[in-house]
Amino acid sequence: MTKRPLDILDQVLNRQPVIVSLKGGREIRGVLQGYDVHMNLVLDKAEEEMEGEIVKMGTLIVRGDNVIYISPKLE
Amino acid sequence: MTKRPLDILDQVLNRQPVIVSLKGGREIRGVLQGYDVHMNLVLDKAEEEMEGEIVKMGTLIVRGDNVIYISPKLE
Amino acid sequence: MTKRPLDILDQVLNRQPVIVSLKGGREIRGVLQGYDVHMNLVLDKAEEEMEGEIVKMGTLIVRGDNVIYISPKLE
Amino acid sequence: MTKRPLDILDQVLNRQPVIVSLKGGREIRGVLQGYDVHMNLVLDKAEEEMEGEIVKMGTLIVRGDNVIYISPKLE
Amino acid sequence: MTKRPLDILDQVLNRQPVIVSLKGGREIRGVLQGYDVHMNLVLDKAEEEMEGEIVKMGTLIVRGDNVIYISPKLE
Amino acid sequence: MTKRPLDILDQVLNRQPVIVSLKGGREIRGVLQGYDVHMNLVLDKAEEEMEGEIVKMGTLIVRGDNVIYISPKLE
Amino acid sequence: MTKRPLDILDQVLNRQPVIVSLKGGREIRGVLQGYDVHMNLVLDKAEEEMEGEIVKMGTLIVRGDNVIYISPKLE
């Protein structure tokens, strides 16, 4: 077991925005400010594209059980 | 791990209303008066927009497993 | 953490009816007689509006995982 | 915390039938013979109304996570 | 608490077939050969009616979280 | 409790293919090479029928919570 | 119990891409860089086919409860 999934999150704290894909098809982008073992997340400067527009949502506390994946960066 | 998700909630207790996004598409706004480790919430002065009207719901105890995210403030 | 969600329930035991919103869209009103840490509830004089009529259901033991929120009072 | 939800069930063991409302819309009636902390239930003389007819099902062991509520009596 | 739900299952081990109702509407009949605390089941001589025909499935290990109820006998 | 569900799986390790029925209607066939208490499975020579064709999938690690049942043999 | 499901994952760390089948029908391909007991995964060089095109997603942290199966190789 080389890289533990939650440890990876440490490397992206307070850096470039991450993409968080949620169950139900929502996708939120924001700066990861914190997390815990349940994958509860704190996202700062969160925003979501809805019907072609970017909606700014400020800080969000996301409950971990909604998360499908977290994408720290795009290639 | 800089900011723990649940600790953030401490900072918004009894202040400006938060937005709570629930599974199933409901969105409730209210003053956060308390919470626990399951993200069970106490919301005071809770209200919800339904079909264009604001429905006032007083105090609510929300079971944490319904929560998608909590938004302490709008930018 | 000022008010713990489950402690709030203590204050409404055996008083005016509470509204319990359940997953799946049902909403039951009744006098809260008891609860536990899972939010399992005992509701007395429970009633539900179905197709415009009030159906009286007596005492109910509600399994907590069905609960979205409990509303102790209407404003 | 005056009446604990599961303790209420003790009072209806082996008495008049209870109604058990299940997720998915099924409703089963039967004499409660036992239960455990998960709300797993033993129902004797269980029956269910299906398409206007009463189907007798004998003894049932119901897995607790299917239960919405248990109604010990009708008013 | 007179009869514990899982203890009832002891009485029907290796006897007449039980009916197992599963989430999603499937119903399987078979001889109960074993179970554990999760209601994981071993069914022998399992069969299921599909589109009016009996499909024989031999031995099945059913994961407990799929179970709605187990019916040890028909009246 | 005569046969424990997970112990049965020991008897079919590395033998004839088992059928694994998954939530959502998928059915996968393969040689059981391992499992754990969550019913996480290792299937070798896994294959699935899709639209009338057999798709070979090699080795699969199946997460246990997707399993409805495991069928060690057909009668 | 010959091969434990999570141990198998050790053998494919940092090698050829694995296919991860997710609930909801999504299928992601990537190099497994890490995992934990919940089947939380770190996938590097992740990509997904969407509407006939390959979308590159870089590194992903996938929450384990979304996983149906992991396929280390195709035959």
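Not measured: the values here are computed from a predicted model.

Student: An account of the interface of chain E and chain F is needed here, citing residue identities and associated values.
Tutor: Listed as interface residues are 24 residues of chain E and, on the opposing side, 22 residues of chain F. For the pair chain E and chain F, the interface holds one salt bridge. Lys 23 of chain F serves as the salt-bridge partner of Asp 65 of chain E, at 2.6 Å between the closest nitrogen and oxygen. Our count for the chain E to chain F interface comes out at ten residue pairs in polar contact (both at pLDDT 80 or more). Only β2 (27–35), β3 (41–50) and β4 (53–62) of chain E provide two or more residues apiece to the side of chain E that touches chain F. The element contributing the most residues to the side of chain E that touches chain F is β4 of chain E, with seven residues.

Student: Which residues make up the environment of Pro 5 of chain D, and what values do they have?
Tutor: With respect to the element layout, Pro 5 of chain D can be found in helix α1 (residues 5–10). Sequence spacing of Pro 5 of chain D and Met 39 of chain D is 34 residues, and the spatial spacing of their C-alpha atoms is 10.0 Å. Those residues in contact with Pro 5 of chain D that sit more than four places away from it in its chain are Gly 34, Tyr 35, Asp 36, Asn 40, Leu 41, Val 42 and Ile 61 of chain C.

Student: Explain the confidence of the model for chain A to me, and be specific about the residues and the numbers.
Tutor: Here chain A averages 91 in pLDDT, and 93% of its residues register 70 or above. Across the interfaces of the predicted complex, the ipTM metric reaches 0.92, alongside a pTM of 0.93.

Student: Now, about the arrangement of the chains: what can you tell me, with residues and values included?
Tutor: Separating chain C from chain E is a minimum C-alpha gap of 15 Å, and the two share no contact. Structurally, chain C and chain F remain out of contact, their C-alpha atoms never closer than 19 Å.

Student: Tell me what's going on with the layout of surface pockets, and back it up with residues and numbers.
Tutor: Approximately 380 Å³ is the volume found for the largest pocket. Every residue lining the largest pocket is counted, 16 residues in all, and those nearest its centre are Arg 63 of chain D together with His 38, Arg 63, Gly 64 and Asp 65 of chain E. Here the lining of the largest pocket is composed, by residue class, of four nonpolar, seven polar and five charged.

Student: Mind laying out the interface of chain G and chain F, listing which residues take part and the relevant values?
Tutor: Facing 21 residues of chain G, the contacting portion of chain F comprises 24 residues. Carbon and sulfur atoms make up 55% of the area that chain G and chain F hide from each other, which totals about 2,000 Å². For the pair chain G and chain F, the interface holds one salt bridge. Run the count over chain G and chain F and you get ten residue pairs in polar contact (both at pLDDT 80 or more).

Student: So what about the relation of the copies chain E and chain F? Which residues, and what values?
Tutor: Of the two same-sequence chains, chain E is brought onto chain F (RMSD 0.0 Å, axial shift 0.0 Å) by a rotation of 51 degrees. Here only 4% of the contact residues of chain E are again contact residues in chain F; the copies associate through non-equivalent surfaces.

Student: Lay out the pattern of salt bridges in plain terms, naming residues and giving numbers.
Tutor: Scanning all chains against the criterion turns up 35 salt bridges over all chains. Of the charged contacts in the structure, one is a salt bridge between Arg 26 of chain D and Glu 48 of chain D, with a shortest N-O distance of 2.8 Å. A residue pair is termed long-range when its members are at least 10 positions apart, and Arg 26 of chain D in the loop between β1 (18–22) and β2 (27–35) and Glu 48 of chain D in strand β3 (residues 41–50) qualify at 22 residues. A relative accessible area of 24% places Arg 26 of chain D in the partly exposed class. A residue is classified by how much of its surface remains accessible, and Glu 48 of chain D, at 4% relative accessible area, is buried. Salt bridges sharing common partners tie together Lys 23 of chain A together with Arg 63 and Asp 65 of chain G.

Student: Hey, could you go over the side chain of Asp 44 of chain A for me, with residue numbers and the actual values?
Tutor: With respect to the helices and strands, the residue Asp 44 of chain A is situated in strand β3 (residues 41–50). No salt bridge is formed by the buried Asp 44 of chain A, whose closest oppositely charged neighbour, Lys 45 of chain A, lies at an N-O distance of 4.7 Å.

Student: If you had to explain the side chain of Asn 40 of chain C to someone new, which residues and values would you point to?
Tutor: Structurally, Asn 40 of chain C can be placed in the loop between β2 (27–35) and β3 (41–50). Of the polar contacts made by the side chain of Asn 40 of chain C, one reaches the backbone nitrogen of Gly 64 of chain C; its length is 2.7 Å.

Student: Can you lay out the pairing of strand β3 (residues 41–50) of chain G for me, pointing to particular residues and giving the numbers?
Tutor: All names here are of chain G. For strand β2 (residues 27–35) and β3, the ladder comprises six bridges, and the chain directions are antiparallel. Bridge assignment links Ile 28 to a residue of β3, and that residue is Glu 48. Hairpin connection of β2 to β3: five residues between the antiparallel strands, including Met 39 at a positive phi of 70 degrees. As paired strands, β3 and strand β4 (residues 53–62) are joined by eight bridges and run antiparallel to one another. Within β4, the residue paired with Val 42 across the bridge is Ile 61. The hairpin formed by β3 and β4 contains two residues between the paired strands, and Glu 51 there has a positive phi angle of roughly 50 degrees.

Definitions and cut-offs
Chains are numbered independently. Their residues run from 1 in the order of the written sequence. The order in which chains are written sets their letters, starting at A; the order in which ligands are written sets their numbers, starting at 1. Predicted model: local features are reported for residues with pLDDT of at least 70 only, side-chain atom pairs are reported and counted for 80 or more only, and whole-chain, interface and lining totals are derived from all residues. No hydrogens and no water enter the side-chain calculation; it runs on all heavy atoms of the structure. In what follows, a contact means two residues having at least one pair of non-hydrogen atoms within 4.5 Å. When a carboxyl oxygen of Asp or Glu lies within 4 Å of a side-chain nitrogen of Lys or Arg, that pair is called a salt bridge. Distance and chemistry together define a polar contact, namely a pair of N or O atoms within 3.5 Å, with one atom able to donate a hydrogen and the other to accept it when in protein, and with adjacent residues in sequence counting only for side-chain atoms on both sides. Secondary structure elements are taken from DSSP: a helix is a run of H or I of four residues or more, a strand is a run of E of two residues or more, and numbering for both begins at the N terminus. pLDDT expresses, on a scale from 0 to 100, how confident the predictor is about each individual residue. Cavity and pocket criteria rest on a 1 Å grid covering protein atoms alone: a 1.4 Å probe that fits but cannot get out defines a cavity, protein on both sides within 12 Å along at least 5 of 7 lines defines an open pocket, and an atom within 4 Å of a point defines a lining residue. Grid points are joined across faces, edges and corners, and a volume is the space filled by probe spheres set on the points. Ten residues, namely Ala, Val, Leu, Ile, Met, Phe, Trp, Tyr, Cys and Pro, are considered nonpolar, four, namely Asp, Glu, Lys and Arg, are considered charged, and the remaining ones, Gly among them, are considered polar. A 1.4 Å probe defines the accessible area here, and the buried area is the portion of it lost by two parts on being joined, summed over both. Here the copies were fitted onto each other by least squares, based on C-alpha atoms from residues at pLDDT of at least 70 in both. Burial classes follow relative accessibility: with a 1.4 Å probe on protein chains only, a residue under 20% of its type's maximum area counts as buried, one over 50% as exposed, and anything between as partly exposed. Residues scored as positive are Lys and Arg, those scored as negative are Asp and Glu, and His as well as the terminal groups of each chain are ignored. In this description, strands pair whenever DSSP reports at least two bridges between them.

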